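# Coordinate analysis (summary)
So you can see what is in the structure, the chains are spelled out below.
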Amino acid sequence: MMTYQILRGKRLWLLLLVAFALWGSYQLFQNKSLGFGPGRITADFANNPAWAIEEPQDLAPLKSILGQKFKFLAVGSQSYAFASEDGKYVVKFFIMKHQIPRLSDLWHPEKVEYRRQNLFSIFRAHKLAYTELKADTGLIYIHLNKSKHLKTHLTAVDRLGRTHHIDLDKTAFIIQEKAELIFTHLKKLLVKGDRANVQKCIQGVLEVVQRRMDKRISDHDKAVKHNYGFIGERAIHLDIGRIEQIYKPNEYNRIKERINTWLQENDSSL
């Protein structure tokens, strides 16, 4: 009897070790791939009329963009970003965080619904940007509801070099012009000694902010370095997932002060 209990105890420990080893391997794979896969970007909810847009009558230009191969660019808190082969566009796939199980959900199941509602707020922000700020955000197209008209599979190469063929009719995504981040762009101009263009570019960013504020739209994301960028010398608002139809009068000065602080830290002439 005692021998049986010892053997059963050893088997239990062995099973636990195997389970931990499998879990560790899974986590290592997720870290290296940054968790990307069709299951993480395919929505499980019904279409919402509030997210619909007026579809372009001519889909040829859109399909020309989507016909390229897209390579992994970055991952953020809201989406995975892939850059087109010609370097002109970025496709962002939204992360369906409410579908990704977490151990803590066993004790706090309400957090699943919270993540779901958070995703909906991100969708609302992109619809607002597409409707009111399309030029200033570099948005080419947004696709938040499932559809049947695209009939296109996008070829995406992930961080590990694996190729995925994403059915775009079933996937929420946006297409945005590819831009260089604000401080990367300004740093290059400073290295060249082109301070006149630095000031011109800063003014361009502030004009983008002012036009948004004139429409009484604010950005709850206070970061600047990942939120603004340049396409050539044209400034755009890159990260738009936290904008809302609400007015914050101090936003312009806050962004201006943040840019001026960076400039003082990086321009040796100041």
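These numbers come from a predicted model, not from an experiment. Here the residue numbers are simple positions, counted from 1 along each chain's written sequence. Given that the model is predicted, a residue must reach a pLDDT of at least 70 before its local features are reported, and side-chain atom pairs must reach 80 or more before they are shown or counted; all residues, however, enter totals for whole chains, interfaces and linings. Hydrogen atoms and water are omitted, and side-chain values are computed over all heavy atoms in the structure.

## A look at the overall build of the protein
Every helix listed is a DSSP run of H or I at least four residues long, and every strand listed is a run of E at least two residues long, numbered separately from the N terminus. Helix and strand counts for the protein stand at seven helices and 12 strands. The buried share of the protein, taken over its 270 residues, is 42%. In what follows, residue pairs with any heavy atoms lying within 4.5 Å of each other are defined as contacts. Restricting the contact set of the protein to residue pairs at least 6 apart, pairs at least 24 apart contribute 68%. Each accessible area value is a Shrake-Rupley result obtained with a 1.4 Å probe; residue values ignore everything except the protein chains displayed when judging cover. Of the roughly 15400 Å² of accessible surface on the protein, 57% is carried by carbon and sulfur atoms. Relative accessibility decides the category of a residue: with a 1.4 Å probe and only protein chains considered, values under 20% of the type maximum give buried, values over 50% give exposed, and everything between is partly exposed.

## Observations regarding helix α6 (residues 195-214)
Given a rise of 1.5 Å per residue, 20 residues ought to cover 28 Å, and the 28 Å separating the end C-alpha atoms of α6 matches this to within 8%. Those residues of α6 that sit buried are Asn197, Val198, Cys201, Ile202, Gly204, Val205, Leu206, Val208, Val209, Arg212 and Met213. Phi turns positive, to about 55 degrees, at Arg216, one or two residues after α6. Here the expected span of a helix is defined as 1.5 Å times the quantity of residues minus one.

## Observations regarding the packing of helix α5 (residues 182-192) against helix α7 (residues 251-266)
For helices, the fitted axis covers only the stretch in contact; all axes are lines through C-alpha atoms, and the angles between them, taken along N-to-C directions, range from 0 to 180 degrees. Taken N-terminus to C-terminus, the directions of α5 and α7 make an angle of 40 degrees; their axes are 11 Å apart at the nearest point. In terms of orientation, α5 lies oblique with respect to α7. In the crossing of α5 with α7, the sense of the turn from one axis to the other is right-handed. Seen from α5, the contacting residues are Ile182, Phe183, Leu186, Lys187 and Leu190; seen from α7, they are Arg258, Ile259, Trp262, Leu263 and Asn266. Orientation is classified from the angle alone, with under 35 degrees giving roughly parallel, over 145 giving roughly antiparallel, 65 to 115 giving roughly perpendicular, and any other angle giving oblique. Crossings are sorted by hand: turned counterclockwise from the far helix by less than a right angle, the near helix makes the crossing left-handed, and turned clockwise it makes it right-handed.

## Side note on the sheet that holds strand β1 (residues 69-75)
A pair of strands is treated as paired once DSSP finds two or more bridges between them. On the basis of which strands lie adjacent, the open sheet formed by seven strands has the order β4-β7-β3-β2-β1-β5-β6 and mixed pairing. Looking along the sheet, the strands with just one partner apiece sit at the ends: β4 (139-143) and β6 (163-167). On average, each strand axis in the sheet is tilted by 30 degrees relative to the strand beside it, whichever way the strands run. For β1 and strand β5 (residues 153-157), the ladder comprises three bridges, and the chain directions are parallel. Across the sheet, the residue bridging to Lys71 is Val157, located in β5.

## Notes on the side chain of Asp158
Relative to the assigned elements, Asp158 resides in the loop between β5 and β6. The class for Asp158 is buried, based on a relative accessible area of 4%. Here the side chain of Asp158 touches Arg162 through a polar contact of 2.6 Å, side chain to side chain. The definition of a polar contact used here is a pair of N or O atoms within 3.5 Å, where within protein one atom must be able to donate a hydrogen and the other to accept one, and adjacent residues in sequence count solely through side-chain atom pairs. In this structure the side chain of Asp158 is engaged in a polar contact, spanning 2.9 Å, whose partner is the side chain of His164. Residues within four places of Asp158 in sequence aside, it is in contact with Phe36, Phe72, Phe82 and His164.

## Points about the packing of aromatic side chains
Note on aromatic pairs: the rings of Phe, Tyr and Trp (six-membered ring only in Trp) are paired at centre separations within 6.5 Å, and the planes decide the class, stacked below 30 degrees, edge-to-face beyond 60, tilted for the rest. A full pass over the atoms with the stated rule returns 14 aromatic pairs. Ring plane angle 85 degrees and centroid distance 5.1 Å describe the contact between Phe45 and Phe120, whose orientation is recorded as edge-to-face. One end of the pair, Phe45, is in the loop between α1 (2-33) and α2 (60-66); the other, Phe120, is in helix α3 (residues 110-132), and 75 residues separate them in sequence. There is no split in this pair, since Phe45 and Phe120 are both buried. Relative to Phe93, the ring of Phe82 lies with its centre 5.9 Å away and its plane at 70 degrees, an arrangement referred to as edge-to-face. Of this pair, Phe82 sits in strand β2 (residues 79-84) while Phe93 sits in strand β3 (residues 89-94), and the two are 11 residues apart along the sequence. Like Phe82, the residue Phe93 is buried in the burial classification.

## Quick look at the environment of Phe123
Mapped onto the elements of the fold, Phe123 is located in helix α3. Other than its neighbours up to four places away in sequence, Phe123 contacts Phe45, Trp51, Phe94, Met96, Leu144 and Ala172.

## Here we look at the side chain of Ser147
Residue position: Ser147 is located in the loop between β4 and β5. Residue class for Ser147 comes out buried when judged on its relative accessible area of 18%. In this structure the side chain of Ser147 is engaged in a polar contact, spanning 2.7 Å, whose partner is the side chain of His143. Polar side-chain contacts of Ser147 include one of 2.6 Å to the side chain of Asp169.

The quantities given are spatial measurements derived from coordinates; they are silent on function.
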